[in-house]
Amino acid sequence: MKRHINKVAVIGSGIMGSGIACHFANIGVEVLLLDIVPRELNEKEKANGLTLEDKVVRNRLVNDSLTAALKSKPSPIYHQKFADRITTGNMEDDISKVAHVDWIIEVVVERLDIKKQVFENLDKHRKPGTLITSNTSGIPIKFMSEGRSEDFQQHFCGTHFFNPARYLKLFEIIPGPKTSKDVLDFLNGYGEQFLGKTSVVAKDTPAFIGNRIGIFSIQSLFHAVKEMGMTVEEVDKLTGPVIGRPKSATFRTVDVVGLDTLVHVANGISENCKDDERHELFQLPDFISTMMENKWLGSKTGQGFYKKMTGADGKSEILTLDLDTMEYRSKKSAKFATLELTKTIDKVIDRFPVLVNGKDKAREFYRKSFGALFAYVTHRIPEISDELYKIDDAMKAGFGWEHGPFQIWDAVGLEKGLEFIKAEGLEAASWVADMKAAGVDSFYTVKDGATYFYDISKKAMEKVPGQDAFIILDNIRKSNEVFKNSGVVIEDLGDGILNCEFQSKMNTIGGDVLAGLNKAIDLAEKDFQGLVIGNQAANFSVGANIGMIFMMAVEQEYDELNMAIKMFQDTMMRMRYSSIPTVSAPHGMCLGGGCELSLHADKIVAAAETYIGLVEFGVGVIPGGGGSKEMALRASDTFRKNDVELNVLQEYFLTIGMAKVSTSAYEAYDLGILQKGKDVVVVNKDRQIATAKAHAKLMAEAGYTKPVKRKDVKVLGKQALGMFLVGTDSMEAGHYISEHDKKIADKLAYVMAGGDLSEATMVTEQYLLDLEREAFLSLCTERKTLERIQHMLKTGKPLRN
C-alpha cells in the first residue's frame with residue numbers, strides 16, 4: 001500500500017515536541033499538537049475570572065509552548081505563515097482527533113510509565129494502519145509497545161529527532177520487536193526525501209547510535225583534559241572548526257545543550273551498558289560532579305564551563321572555568337604550532353594527517369582522542385549497527401561533524417590509526433584485523449561516482465545504499481572534470497548538463513571564478529545542454545572578493561576596478577542571456593555577489609537552509625554586479641500588478657538598503673529574491689545538485705531559447721528619487737543613519753530611480769548597469785567605504801561609520 005502523510009499528531013508540546021511540529025509544518029504537513037490539561041489556574045487566569053473548564057485554560061500549556069517556540073532563535077519554522085498549519089489542543093478534549101491523522105508522534109516526558117499510559121490512550125482512538133512512533137532518546141522501544149494491539153506493534157517504532165529538529169539532520173529509526181519492514185522502509189525514505197534528514201536505522205540499544213558515540217567522545221575528552229593538563233580553551237580550540245566540528249566545539253556545546261542533559265544520557269549508558277569495554281569512561285569526573293552540585297549547568301543557569309560577567313563599566317566579559325581550582329578566570333589564548341600548519345589547507349579531511357604529525361601538545365591530544373574513538377567505534381559493530389557507514393552518518397547529521405570516525409581514520413591511514421589505538425593500551429575489534437588481512441586498507445572507496453563501504457559480514461566492499469538520488473561532487477570531481485582553474489572546477493554531471501563548482505576561499509567570486517563561469521557557459525553552449533552552478537561546501541558563496549576591490553581602491557587603480565566590475569556585470573548578464581538554461585543552487589550563506597549570480601540564473605533551486613541577501617551596504621557600497629539593476633527591474637515587473645508604484649519600488653530599495661538576509665529560502669520569496677512559479681526549494685541539501693540538474697535538463701528538453709534582452713524596464717525618475725532623498729534626509733536628521741549611510745543610500749536611490757529623469761521612462765538593463773557601476777566606483781573613492789571594507793576583512797563584521 002502506498003502511504004501518504006497529509007496530517008500528523010504530535011503528542012507533547014515541549015521544546016522538542018513544538019520543534020517537531022514546526023518542522024512538519026515546514027514541509028507542508030497539517031499538524032495536530034496536543035498536550036495535557038492544566039490542573040490549576042495561573043494568576044492571570046484568576047484575575048480574568050476564568051475557570052478550569054474554559055478552553056483557553058485547557059489549551060494554555062500547548063499554546064504557551066508553541067508561542068515560545070515560534071519566538072525562539074534560531075527559528076524552528078521556515079516562515080511564520082507556516083505556523084498556520086499547526087492546530088493545538090489537549091489530550092482530553094481532542095484525543096479523538098488522532099483518528100484522522102496518518103502518523104502519531106509521542107514526545108512526552110522520558111518516563112516509561114507515562115509513555116505507556118499515553119500509548120494505551122492513543123491505541124483506543126487511532127485507526128488501524130496509522131503510524132505511531134516515539135521520540136525517546138534512550139528508553140528501550142521494546143518496553144513501550146508491550147501489551148498494545150497487534151496492529152499498534154506492527155506500526156510502532158522509535159523515531160528520534162535531534163534538537164533543534166529543523167537544523168539537525170539525524171533521524172534515527174529504531175524498530176520494535178514486531179515493527180513491519182514496510183514501516184521501516186517507508187520512514188527511512190520519508191525522513192530523507194520529505195523531512196530532509198539523514199535517516200539511520202539503529203538497533204534498540206541504550207542511546208542508539210548518535211548519542212552512544214557522541215557522549216563517549218565527550219566523556220573521553222572530559223577524562224583526557226585532566227590527564228593531559230589542558231584548559232577548557234585549549235580543548236575547544238582543538239575540537240572546533242579546525243577538525244570540521246561546530247564553532248561551539250566541546251565545552252561551549254555542553255553549555256548550550258545543558259550539562260544535566262549530557263549527564264543524564266551518560267548515566268543511562270553507564271547503568272545499561274555494564275559490558276561496554278570502556279564502561280569506566282561514562283563515570284563522571286570530579287569536576288563534572290562539582291559542577292552538577294553547584295548547578296553550573298551552562299546557559300540555562302547562567303554559567304557552566306563559561307560565564308558571562310558584566311563589569312562596573314557596563315562592559316561584558318566571558319570568563320572560563322579553571323578545572324583545577326574550579327574558579328572562573330579571564331579567558332586565555334590557546335595557540336598551537338600544529339594548527340598553524342593547517343591554515344593553508346582548506347579541506348578539513350586533508351588536515352588530519354598534518355594534525356596527528358605535529359610537534360606539540362596538539363599532536364598528542366589528537367593521537368590520544370582519535371585512538372580512543374577509533375577503538376570504541378570498532379567494538380560498537382554489530383552491537384549498535386551492522387554497518388560502519390551508519391555510525392559516520394549519525395555523527396555527521398546529529399553532532400555536526402564534517403567527517404565521521406571511520407572517514408577520519410581513512411584520512412590518517414589504517415596503520416596509523418592502529419598505532420594510536422595500541423599507544424592507548426587499547427585494541428580494535430577483531431574484524432579490523434580480518435579486513436587488513438584480506439588486503440583492504442580503507443573503510444571506504446569510491447567507484448564510478450558512488451561510495452562503497454567495507455561490509456563486515458560479507459567481508460567485501462558494498463555500495464552505500466540510497467545514493468541514487470544524490471550527486472556527490474567529491475566522488476566525481478576527478479573523473480568527470482572538464483575544466484579547472486584556481487577558482488572553479490567544471491564537472492560533467494551527465495545527460496548533457498555541466499556543473500560549475502567554486503573552489504575559492506569561502507567561495508568568494510573573483511577574477512578566476514568569473515573566468516570559470518564564462519568558460520562553463522562557453523563549453524555548455526558548444527557541447528552541452530545546460531549549466532548548474534552549485535557546490536557542496538558549507539556555504540554557496542559569501543560574495544565578491546572584497547580584498548581585491550580594497551587593493552584596487554587603495555592603489556587608486558580605478559580603470560582596472562571599473563573593468564573588474566564590468567566583467568562581473570557582463571558575466572551575470574551571460575548567465576541570463578545565453579543559449580543554454582542556467583540553474584543556480586544556493587545553500588547556506590549566499591550573500592552579495594553570490595546572491596547577484598542567483599538572481600541572474602534562469603532558475604534557482606535553493607536548499608531550504610539558504611540565507612540569501614544583498615549585503616553590500618555593510619561594506620559601504622551598493623550591489624555592483626547587477627543586483628541594484630535587478631531589484632529595479634523586478635520592481636518594474638511588479639508595477640503592472642500594483643498601482644502604487646512608489647511603494648513597490650521602496651520595498652525593493654529597502655531590501656538592499658537594510659541589507660536584508662532571509663533566514664530560510666522561503667523568506668527569500670518575500671524579499672523578491674526567489675520568484676514564485678519559477679524558483680524551487682529543496683528540503684534535503686543532499687538532493688540539491690541532482691534536482692538542479694533535473695530542472696536544467698527539463699528546460700533544455702522543453703526547447704530552451706535564448707531570452708531577448710530587456711528594453712522595457714520602467715523607472716520612475718525624479719518622482720522616485722525625490723521620495724528617496726527626503727527619506728534619507730529625515731533618517732540622517734533623526735540620527736538613525738550616519739552621513740556615510742545617507743551617501744550610500746542616495747547613490748542606490750539614483751540607480752533604482754533610473755537617474756533624475758523628468759518622467760517615468762522605459763530603459764534597458766544596460767542603462768541601469770552603467771548607473772550602478774558608476775555609483776559603485778564613486779563609493780570606492782570614499783575614505784569611509786575603505787574603512788568599512790578594511791574592517792570587514794579584519795573582523796568579518798560590518799562597521800558603522
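Structure's up top.
Definitions and cut-offs
- Residues numbered from 1 in each chain as written.
- Predicted model: local features only at pLDDT ≥ 70, side-chain atom pairs only at ≥ 80, totals over all residues.
- Heavy atoms only, no water.
- Buried < 20%, exposed > 50% of the residue type's maximum accessible area, 1.4 Å probe, protein only.
- Helix = DSSP H or I, 4+ residues; strand = E, 2+ residues; numbered from the N terminus.
- Arc of directions from axis to C-beta.
- Contact = heavy atoms within 4.5 Å.
- Phe/Tyr/Trp six-rings, centres within 6.5 Å; stacked < 30°, edge-to-face > 60°.
- Pairing = 2+ DSSP bridges.
- Axes fitted to C-alpha atoms, helices over the stretch in contact; angles between N-to-C directions.
- Patch = residues over 30% accessible without salt bridge, like charges linked within 9 Å, V, L, I, M, F, W, Y side chains within 5 Å.
- Areas by Shrake-Rupley, 256 points an atom, 1.4 Å probe, with all protein chains shown as cover.
- Salt bridge = Lys/Arg side-chain N within 4 Å of Asp/Glu carboxyl O.
- Lys, Arg positive; Asp, Glu negative; His and termini not counted.
- Charge placed at Lys NZ, Arg CZ, Asp CG, Glu CD.
- Polar contact = N/O pair within 3.5 Å; in protein donor to acceptor, adjacent residues only side chain to side chain.
- Expected span 1.5 Å × (residues − 1).
- Parallel < 35°, antiparallel > 145°, perpendicular 65-115°, else oblique.
- Left-handed = near helix turned anticlockwise from the far one by under 90°.
- Nonpolar A, V, L, I, M, F, W, Y, C, P; charged D, E, K, R; others polar.

Colleague: Could you give me a rundown of helix H19 (residues 414-423), with the residues and numbers involved?
Modeller: Every buried residue of H19 is accounted for by Leu414, Gly417, Phe420 and Ile421. End-on, the buried residues of H19 take up no more than an arc of 120°, which puts them together on one face. For H19, the exposed residues set more than 90 degrees away from the buried face come down to Lys422 and Ala423. Looking at the packing, one finds that the buried side of H19 touches helix H16 (361-379), helix H18 (405-412) and helix H20 (430-437). At the C-terminal side of H19, Gly425 shows a positive phi close to 75°.

Colleague: Now, about the environment of Val118: what can you tell me, with residues and values included?
Modeller: Take Val118: it is sitting in helix H5 (residues 112-125). A sequence separation of 27 residues divides Val118 from Met91, and the C-alpha atoms of the two residues are 9.1 Å apart. Not counting residues up to four positions away in its chain, the partners in contact with Val118 are Ile11, Met91, Glu106 and Val108.

Colleague: Requested: an account of the packing of aromatic side chains, with residues and values cited.
Modeller: Within this structure, the stated rule accounts for 34 aromatic pairs. Geometrically, the ring pair formed by Tyr190 and Phe194 is stacked, given 4.7 Å between the ring centres and 15° between the ring planes. Classification of Tyr190 by relative accessible area gives buried; the value is 5%. Between Phe406 and Trp431, the ring centres sit 6.2 Å apart and the planes meet at 45°, which makes this aromatic pair tilted.

Colleague: A description of the sheet that holds strand S18 (residues 530-533) should follow, citing residues and the corresponding values.
Modeller: Strand order in the open sheet formed by seven strands is S15-S16-S17-S18-S19-S21-S23, with mixed pairing between adjacent strands. Strands with a single pairing partner mark the edges of an open sheet, and in this sheet they are strand S15 (481-484) and strand S23 (680-682). Across the sheet, the axes of successive neighbouring strands diverge by a mean angle of 20°, strand direction being ignored. In the sheet, S15 pairs with strand S16 (residues 488-494) via three bridges, with the strands oriented antiparallel. Following the sheet pairing, Lys484 is matched in S16 by Val489. Relative to strand S21 (residues 603-607), helix H29 (residues 688-701) is tilted by about 165°, and along the sheet it contacts S16, strand S17 (497-502), S18, strand S19 (582-584), S21 and S23.

Colleague: Could you give me a rundown of a negative patch on the surface, with the residues and numbers involved?
Modeller: Residues Glu555, Glu557, Asp559 and Glu560 make up a contiguous surface patch of negative charge. Inspection of the secondary structure assignment puts Glu555 in the loop between helix H23 (546-554) and helix H24 (558-576).

Colleague: Describe the side chain of Arg58, and please don't skip the residues or the numbers.
Modeller: In this structure, Arg58 sits in helix H3 (residues 55-58). In this structure the side chain of Arg58 is engaged in a polar contact, spanning 3.0 Å, whose partner is the side chain of Glu92. Polar side-chain contacts of Arg58 include one of 2.7 Å to the side chain of Asp93.

Colleague: I'd love a proper account of unusual backbone geometry, names of residues and values included.
Modeller: Between Lys73 and Pro74 the backbone carries a cis peptide bond, its omega angle lying at -5°. Ile381 connects to Pro382 through a cis peptide bond whose omega is 10°. Structurally, the position occupied by Pro382 is in the loop between H16 and helix H17 (388-399). Unusually for a residue other than glycine, Ala249 sits at a positive phi of about 50°. Relative to the helices and strands, Ala249 is located in the loop between helix H10 (232-238) and helix H11 (251-257). Looking at Ala249, the relative accessible area reads 10%, which means it is buried. Its identity as a non-glycine residue notwithstanding, His735 has a phi of 65°, on the positive side. With respect to the helices, strands and loops of the structure, His735 is situated in the loop between helix H30 (718-733) and helix H31 (739-753).

Colleague: Break down the pattern of salt bridges for me, with residues and values.
Modeller: According to the stated counting rule, one finds 63 salt bridges in the structure shown. Arg58 is paired through a salt bridge with Asp93; the nearest N and O atoms lie 2.7 Å apart. Placement of Arg58 in helix H3 and of Asp93 in the loop between strand S3 (86-90) and strand S4 (103-106) is noted, with a sequence separation of 35 residues between them. Accessibility expressed as a relative area gives 10% for Arg58, which makes it buried. Accessibility expressed as a relative area gives 41% for Asp93, which makes it partly exposed. One salt bridge in this structure joins Glu609 and Arg166, with 2.7 Å as the shortest N-O distance. On the criterion of sequence distance, the pair formed by Glu609 in the loop between S21 and strand S22 (610-613) and Arg166 in the loop between strand S6 (156-161) and strand S7 (170-175) is long-range, its members being 443 residues apart. Look at the salt bridges and you will find they share partners, linking Arg39, Glu53, Arg58, Glu92 and Asp93 into a network.

Colleague: Which residues make up the sheet that holds strand S13 (residues 450-455), and what values do they have?
Modeller: Strand order in the open sheet formed by three strands is S12-S13-S14, and the pairing between neighbours is antiparallel. The open sheet terminates on both sides in strands that have one partner only, identified here as strand S12 (444-447) and strand S14 (460-463). Each neighbouring strand pair of the sheet contributes to a mean axis angle of 40°, computed without reference to strand direction. Sheet analysis places S13 next to S14, joined by four bridges and oriented antiparallel. Directly across from Tyr452, in S14, lies its bridge partner Lys463.

Colleague: So what about H5? Which residues, and what values?
Modeller: Structurally, the α-helix is built with 3.6 residues per turn, so residues lying three or four positions apart point the same way. In a regular helix each residue adds 1.5 Å, so 14 residues correspond to 20 Å; H5 covers 20 Å between its end C-alpha atoms and thus fits that length. Residues of H5 that are buried in the fold lie against strand S1 (7-11), S4, strand S5 (131-134), helix H6 (141-144), helix H7 (150-154) and S6.

Colleague: Let's hear about the environment of Arg710: which residues, and what values?
Modeller: Looking at the element boundaries, Arg710 is found in the loop between H29 and strand S24 (713-715). Once the C-alpha coordinates of Arg710 and Glu765 are considered, the two residues, 55 residues apart in sequence, prove to be 6.2 Å apart. The contacts of Arg710, once residues within four sequence positions are left out, are Tyr577, Leu633, Asp637, Arg640, Thr764 and Glu765. A polar side-chain atom of Arg710 sits 2.6 Å from a polar atom in the side chain of Asp637. Side chain to side chain, Arg710 and Asp712 meet in a polar contact 2.5 Å long.

Colleague: Any chance you could break down the packing of H16 against H18 for me, citing the residues and the numbers?
Modeller: Each pair of packed helices can be described by the angle between their axes along with the distance between the axes. Contact geometry of H16 with H18 gives a least axis separation of 10 Å together with a crossing angle of 125°. Comparing the axis directions of H16 and H18 gives the class oblique. Read as a crossing pair, H16 and H18 show a hand that is left-handed. Mapping the contact onto sequence places Phe370, Leu373, Phe374, Val377 and Thr378 in H16 and Pro405, Phe406, Ile408, Trp409 and Val412 in H18. Taken together, the residues that form the contact of H16 with H18 break down as nine nonpolar, one polar and no charged.

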